[in-house]
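So the chains spell out like this:
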Amino acid sequence: MTRWRVVAVSFVSSLTVLGLLPGIAVADHGSGPVVNVALRGTASASSELVGHEAGLAVDGDGATSWCPAGGTASITVDLVRERRLEGFGVTLVDGGQIRVEAGNSLARLRSVRPAATVAGNTPTWFPDRVSARFVRVTTASCVGEVRVLARSSGTMVLGDDLSFAIQESAIGNTFRDRGVTALPERILAAHGSNYVRLRLWNAPPGGYSNLDSVLAMARRARAAGMKILLDFHYSDFWADPQKQETPGAWQGQDLSTLAATVRGYTRDVLDALAAQHTPASMVAIGNEIRNGMLWPTGQLDWTTGAGWDALGTLLRAGVAGARDAAGPTPLIQIHFDQGGDNAFSRQFFDNVVAQHVPFDIVALSYYPFWHGTMTQLRTNVNDLATRYGKPVAIVETQYGWTLEQGDETGNFLWQESQVIPGYPATPGGQLAFVSDLASLLDAVPNNRGLGVFYWQPEWIPGVGWTPGAGTPNDNLTMFDFDGDALPAVQFADPLTACAQYRAQVACG
């Protein structure tokens, strides 16, 4: 499709009018999130070390750095045109002092921040409004990232996978934002989120994400003013690259029968959502299907290249079911997990296209402790958007706000060696990571960066990944172990996060 049919609007004003968030101050998000527009510009420096050139301070990756070649030096960002700026952000590798100047002429820059001290490896934000084309930062320290912040001129999907929210409510877990108790989707919507992602399992253990749970959570999402992305796993329980088991009720079916089953099931589920006035605006046909889905029928063998014809048949069946459903046709996602691997992503989606699978959105997972660097991710999303002419979304991501754990289950992120330079495992580091991710999507060529979905921000201790277990993700949430909102809920505007969560974020 040549034009993508996404309308991602701010629901904040309607939430206020409807009184959905009494007691919680709702941020004004204008036309889009506050993003780092330096990614759309260029940078030059008065001096630089080899391997630490100026461009590395405006590449969207806090783990890379520009370093002066001895003594104090300046880095200048050219935004190409005058922009109305909301403020600035900076990460210094080892800490030190900075001076910030801005203006529309290099010969007439004016001081914005005469002198500010910034701690090492600590993303720091400065809410200084000014109109300027050029921004100059002067320092004697290595700079991990210069963030020049402006309101995005486009719309962006800012979503959250809240598939555990029903279970969290069932066990009595509650959530608060600066002392005010509210449902997690209400808190997230108040901070700019506009989509809820929900996974669907066919016959999971009691209480987990079956159709009744999805319908209930869809009603809650709709009441919070949020749209719905439905993630079909086509499995009784967890489906990911390591396991894609065919539902028990479907096992033994041949390919043509299984394709018909997938088509009818997809249609019926979407009809059920539409019937309660909570239609899915997007659907994912399978979850992280790098190695296929509905094994063994739809399994891929990357060694021999076998399996693509069967997988293509099943994917086309899922798409057909979505198109058969009542109401407007949802946007179709195909979901690949290796967000930082461009060669593998190309190989996968080239095969999807060769199978004539109609889809609208390239969907990726990106967990930085598994899937490569932010630079690799940016290279990949920019290439995929151009290569396939489709919008790209990060539909799963997480990052840590601590290395501690909230229950007895070991966490996926637990040691300092896994922490990404420039993004400490702190509430402020988590905020910077998700904000930088949104900026990276905002800068995709031809405005094909659709947006970001954060995975399970509400999965606090008490609900296990399987009955009787704990959660390995409780330090990757957007709420602390007790359910209190962390600054990352406000990743749509890190400067507002400074004002609202100042004790947890470094603010100038």
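Structure's up top.
Everything quoted here is computed from the prediction, not taken from an experiment.

1. Here we look at the overall build of the chain
Here is step 1 of the chain: Scanning the chain from N- to C-terminus turns up 10 helices and 19 strands.
Here is step 2 of the chain: Radius of gyration (C-alpha) of the chain: 23 Å, near the 23 Å computed for a compact globule of 508 residues.
Here is step 3 of the chain: For the chain, the C-alpha atoms occupy an extent of roughly 70 × 50 × 40 Å along the three principal directions.
Here is step 4 of the chain: Burial analysis of the chain (508 residues in total) assigns 62% to the buried set.
Here is step 5 of the chain: When contacts within the chain are restricted to residue pairs at least 6 apart in sequence, those whose partners lie at least 24 apart make up 77%.
Here is step 6 of the chain: Entry remark: accessible area of the chain is about 18000 Å², with carbon and sulfur atoms responsible for 51%.
Here is step 7 of the chain: In the chain, which carries 36 positive and 47 negative side-chain charges, the distance between the mean positions of the two groups comes to 11 Å.

2. Describing the nonpolar core
Here is step 1 of the chain: Residues Leu-230 and Ile-334 are the most contacted members of the largest nonpolar core, which totals 99 residues.
Here is step 2 of the chain: Here the element with the most residues in this core is helix H9 (residues 427-442); it accounts for 8 residues.
Here is step 3 of the chain: Contacts of Ile-334, omitting those with residues within four sequence positions, involve Ile-285, Ile-289, Leu-315, Phe-348, Phe-349, Val-352, Val-357, Phe-359, Ile-361, Val-362 and Ala-363.

3. Some words on the side chain of Asn-36
Here is step 1 of the chain: Note that Asn-36 resides in strand E1 (residues 34-36).
Here is step 2 of the chain: The class for Asn-36 is buried, based on a relative accessible area of 3%.
Here is step 3 of the chain: Here the side chain of Asn-36 touches Ala-38 through a polar contact of 3.1 Å, landing on its backbone nitrogen.
Here is step 4 of the chain: In this structure, Asn-36 is in contact with Glu-145, Val-146, Arg-147, Val-148, Leu-149 and Ser-439, ignoring residues within four places of it in sequence.

4. Notes on the pairing of strand E7 (residues 130-139)
Here is step 1 of the chain: In terms of burial, E7 is largely enclosed, as 7 of its 10 residues are buried.
Here is step 2 of the chain: Across 9 bridges, strand E3 (residues 73-92) lies against E7 in antiparallel orientation. Bridged to Arg-83 within E7 is Ala-132.
Here is step 3 of the chain: As paired strands, strand E4 (residues 96-103) and E7 are joined by 6 bridges and run antiparallel to one another. What sits directly across from Gly-103, in E7, is Phe-134.

5. Some points on the side chain of Gln-333
Here is step 1 of the chain: Within the fold, Gln-333 resides in strand E15 (residues 331-336).
Here is step 2 of the chain: Judged by relative accessible area, which is 0%, Gln-333 ranks as buried.
Here is step 3 of the chain: What Gln-333 contacts, discounting residues up to four positions off in sequence, is Leu-229, Met-282, Val-283, Ala-284, Ile-285, Ile-361, Ala-363, Val-395 and Phe-453.

6. Describing the packing of helix H7 (residues 342-354) against helix H8 (residues 374-388)
A pair of packed helices is captured by two measures, namely the crossing angle of their axes and the spacing between those axes.
Here is step 1 of the chain: Two elements in contact, H7 and H8, have axes whose closest approach is 10 Å; the angle formed by their N-to-C orientations is 25°. One way to sum up the angle between H7 and H8 is to call them roughly parallel. Regarding H7 and H8, the two cross each other, and that crossing is right-handed. Of the residues in H8, those in contact with Asn-342, Ser-345, Arg-346, Phe-349, Asp-350 and Val-353 of H7 are Asn-380, Asp-383, Leu-384, Arg-387 and Tyr-388.
Here is step 2 of the chain: Partitioned by chemical class, the residues of the contact of H7 with H8 number 4 nonpolar, 3 polar and 4 charged.

7. Things to note about the state of the cysteines
By definition, a disulfide links two cysteine residues through a covalent bond between their sulfur atoms.
Here is step 1 of the chain: Within this structure, the stated rule accounts for 2 disulfides.
Here is step 2 of the chain: Each sulfur in the disulfide pair Cys-498 and Cys-507 lies 2.3 Å from the other. Taking the sign of the S-S torsion, about -105° here, the bridge from Cys-498 to Cys-507 comes out left-handed.
Here is step 3 of the chain: Cys-498 gets classed as buried once you look at its relative accessible area, which sits at 2%.
Here is step 4 of the chain: By sequence order of its bonded cysteines, the chain has the disulfide arrangement 1-2, 3-4.

8. So, unusual backbone geometry
Here is step 1 of the chain: That bond from Trp-295 to Pro-296 is cis: its omega, 0°, falls within 30 degrees of zero.
Here is step 2 of the chain: Notably, Tyr-234 is not glycine yet its phi reads approximately 50°, a positive angle.
Here is step 3 of the chain: Mapped onto the elements of the fold, Tyr-234 is located in the loop between strand E13 (227-232) and helix H5 (255-275).
Here is step 4 of the chain: Even without a glycine there, the phi angle at His-277 is positive, about 65°.
Here is step 5 of the chain: Looking at where His-277 falls in the secondary structure, it is placed in the loop between H5 and strand E14 (282-285).
Here is step 6 of the chain: Using a relative accessible area of 61% as the deciding quantity, one classes His-277 as exposed.

9. Thoughts on the pattern of salt bridges
Here is step 1 of the chain: Summed over the entire model, instances satisfying the criterion amount to 18 salt bridges.
Here is step 2 of the chain: Put simply, Arg-40 and Asp-442 hold a salt bridge, and the shortest N to O gap is 3.6 Å. Placement of the pair is Arg-40 in the loop between E1 and strand E2 (42-45) and Asp-442 in helix H9, with a sequence separation of 402 residues.
Here is step 3 of the chain: For Arg-40, a relative accessible area of 38% gives the class partly exposed.

The rules behind each value
- Residues numbered from 1 in each chain as written.
- Predicted model: local features only at pLDDT ≥ 70, side-chain atom pairs only at ≥ 80, totals over all residues.
- Heavy atoms only, no water.
- Helix = DSSP H or I, 4+ residues; strand = E, 2+ residues; numbered from the N terminus.
- Rg over C-alpha atoms; globule rule 2.2 N^0.38 Å.
- Buried < 20%, exposed > 50% of the residue type's maximum accessible area, 1.4 Å probe, protein only.
- Contact = heavy atoms within 4.5 Å.
- Areas by Shrake-Rupley, 256 points an atom, 1.4 Å probe, with all protein chains shown as cover.
- Lys, Arg positive; Asp, Glu negative; His and termini not counted.
- Charge placed at Lys NZ, Arg CZ, Asp CG, Glu CD.
- Core = buried A, V, L, I, M, F, W, Y, C linked by side-chain atoms within 4.5 Å.
- Polar contact = N/O pair within 3.5 Å; in protein donor to acceptor, adjacent residues only side chain to side chain.
- Pairing = 2+ DSSP bridges.
- Axes fitted to C-alpha atoms, helices over the stretch in contact; angles between N-to-C directions.
- Parallel < 35°, antiparallel > 145°, perpendicular 65-115°, else oblique.
- Left-handed = near helix turned anticlockwise from the far one by under 90°.
- Nonpolar A, V, L, I, M, F, W, Y, C, P; charged D, E, K, R; others polar.
- Disulfide = S-S within 2.5 Å.
- Salt bridge = Lys/Arg side-chain N within 4 Å of Asp/Glu carboxyl O.

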